Amino acid sequence: MWLWEALFNLLFPERPHCPLCGNTAAAGICASCRAVLAAFRARGFCARCGRYPARGEAPPGFVCPTCRRREWPFVAARAAGPYGELLREAVHRLKYRGRRRLAVVLGQLMAEAARGDPLYHHVELCVPVPLAGARLAARGYNQAELLAREVGRRLGLEVVPALAKVRETPPQTGLGRAARAANLEGTLVPVRPAPIRGRRVLLIVDVFTPGA
């Protein structure tokens, strides 16, 4: 399906519009979407997982209840924006409808989030989360790799495909947090450990849900 949509878009290019909300009065991310993203960042977020609180604002150094209960296998996670409120449809178009150009916009937002956080100023390289072979063949590309290339280009970082997914897993859509984590257990293995051993790695994923 995505191939036909990509071909249609090539033959009949769309009018300039906001890639997030579709506002045809804008040729890029519109002022309204920029305001939503700015409000998301100003609201504050958990210093570990990057999620914003369900209510109110997060003070500096805020750690959410989930992160107080568990230990993550990473130093910290940051989001480009609120997935449910703004970015869900753009991510779905990138993943399932062949809209590869959206990786430029979404990668830009991810790079802005990293550039604005001192924690990420010493990152040395980008590593995209991989797809398993069958899904990669069916889709024709790995959306995380497209995003990593854009983030790497904007931040001046090398992109190293250092991981492989060794088995297919059912889609994460519709699964709860625990089921999502169990679904991915043992599926990712390092295939190029030497380039990343001992270095600060920025792991790129399109949607952060369980953090597995």
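These lines cover the structure that appears in this document, whether it is placed above or below. Counting restarts for each chain, with residues numbered from 1 along the sequence as it is written. Since the coordinates come from a predicted model, pLDDT governs what is reported: local features require at least 70, and pairs of side-chain atoms require 80 or more to be given and counted, while whole-chain, interface and lining totals use all residues. Excluding hydrogens and water, the side-chain values take into account all heavy atoms of the structure.

In terms of helices and strands, the protein chain carries nine helices and five strands. Runs of H or I in DSSP of at least four residues are treated as helices and runs of E of at least two as strands, each being numbered from the N terminus. Along the protein chain, from the amino end to the carboxyl end, the secondary structure elements read α-α-α-α-α-β-α-α-β-β-α-β-α-β. A 1.4 Å probe rolled over the protein chains alone gives each residue an accessible area, and that area as a share of the maximum for its type sets the label: buried under 20%, exposed over 50%, partly exposed in between. Here the protein chain, with 212 residues, has 40% of them falling under the buried criterion. The Shrake-Rupley method, run with a 1.4 Å probe sphere, supplies the accessible areas, and residue values consider only the shown protein chains as cover. For the protein chain, the accessible surface area stands at approximately 12,100 Å², while carbon and sulfur atoms represent 59% of it.

One face of the sheet, then the other: side chains in a regular strand alternate in exactly this way. Burial along strand E5 (residues 201–204) is one-sided: Leu202 and Ile204 are buried, while Val201 and Leu203, pointing the other way, are not. Paired strands, in this sense, are two strands between which DSSP finds at least two bridges. In this sheet, E5 lies alongside strand E1 (residues 125–128) in parallel orientation, the contact comprising four bridges. Bridge assignment links Val127 to a residue of E5, and that residue is Leu203.

Compared with the 18 Å implied by 1.5 Å per residue over 13 residues, the 18 Å span of helix H7 (residues 143–155) between its first and last C-alpha is a close match. Two or three places before Ala144, at the opening of H7, Asn142 has a side-chain oxygen 3.0 Å from that residue's backbone nitrogen. Looking one or two residues beyond H7, the residue adopting positive phi is Gly156, at roughly 70 degrees. A helix is expected to span 1.5 Å for every residue after the first. Pairs of N or O atoms are called polar contacts if they sit within 3.5 Å, as long as, within protein, a hydrogen donor faces a hydrogen acceptor (for residues adjacent in sequence, only side-chain-to-side-chain pairs).

Here we take up the pattern of salt bridges. Each salt bridge in this description consists of a side-chain nitrogen of Lys or Arg and a carboxyl oxygen of Asp or Glu lying within 4 Å of one another. In the structure shown here, the tally under the stated rule is ten salt bridges. A salt bridge links Asp117 to Arg78, with the shortest nitrogen-to-oxygen separation between them at 2.7 Å. Here the residue Asp117 occupies a position in the loop between helix H5 (102–115) and E1, and Arg78 occupies one in the loop between helix H3 (65–69) and helix H4 (83–96), the gap between them amounting to 39 residues. In this structure, Glu145 engages Arg149 in a salt bridge whose closest nitrogen and oxygen atoms are separated by 3.1 Å. Here Glu145 and its partner Arg149 are both found in helix H7, four residues apart, which amounts to about one turn of the helix. The structure contains a network of salt bridges with shared partners spanning Arg34, Arg41 and Glu112.

Take the sheet that holds strand E2 (residues 158–159) next. Strand pairing in a sheet is mediated by backbone hydrogen bonds. Such pairs are either parallel or antiparallel. Strands sit in the order E2-E1-E5 across an open sheet of three strands; the sheet is parallel. The sheet is open, and its two borders are formed by E2 and E5, each paired with just one other strand. Sheet topology places E1 next to E2; two bridges connect them, and they run parallel. Across the sheet, the residue bridging to Leu125 is Glu158, located in E2.

Moving on, we get to the side chain of Arg48. Within the secondary structure layout, Arg48 lies in the loop between helix H2 (31–43) and H3. Among buried Asp, Glu, Lys and Arg side chains, Arg48 stands out as unpaired, with Glu71 the closest opposite charge at 4.1 Å. If sequence neighbours within four positions are ignored, Arg48 has contacts with Cys67, Glu71, Trp72, Phe74, Val75, Ala76, Ala77 and Arg78. We score Asp and Glu as negative and Lys and Arg as positive, and we do not count His or the chain ends. Contact criterion: two residues are considered in contact whenever any of their non-hydrogen atoms come within 4.5 Å of each other.

Looking now at the nonpolar core. Membership of the largest hydrophobic core comes to 32 residues, with the highest contact counts inside it found for Leu20, Leu106, Leu202 and Ile204. Elements with a contribution of two residues or more to this core: H2, H4, H5, H7 and E5. Counting residues per element, this core draws most heavily on H5, which supplies seven residues. If near-sequence neighbours (up to four positions away) are discounted, Leu106 is found in contact with Leu20, Leu87, Ala90, Val91, Leu94 and Leu147. Here, nonpolar core means buried Ala, Val, Leu, Ile, Met, Phe, Trp, Tyr and Cys residues that are tied together by side-chain atoms lying within 4.5 Å of each other.

Fitted lines through C-alpha atoms serve as axes, helices being fitted only where they are in contact, and the angles separating the N-to-C directions of these axes extend from 0 to 180 degrees. Between H5 and H7, the least distance of the axes is 8 Å, while the angle of their chain directions is 50 degrees. Classified by the interaxial angle, the pair formed by H5 and H7 is oblique. Considering only the axes of H5 and H7, their crossing is right-handed. For the pair H5 and H7, the contacting residues are Ala103, Val104, Leu106, Gly107, Gln108, Met110, Ala111, Ala114 and Arg115 in the first and Leu146, Leu147, Glu150, Val151, Arg154 and Leu155 in the second. Here the word oblique covers every angle except those under 35 degrees (roughly parallel), over 145 (roughly antiparallel) and from 65 to 115 (roughly perpendicular). Should the near helix be turned anticlockwise from the far one by less than a right angle, the crossing is left-handed, and should it be turned clockwise, the crossing is right-handed.

This part is about the side chain of Asp117. A residue is classified by how much of its surface remains accessible, and Asp117, at 12% relative accessible area, is buried. Separated by 2.7 Å, the side chains of Asp117 and Arg78 make a polar contact.

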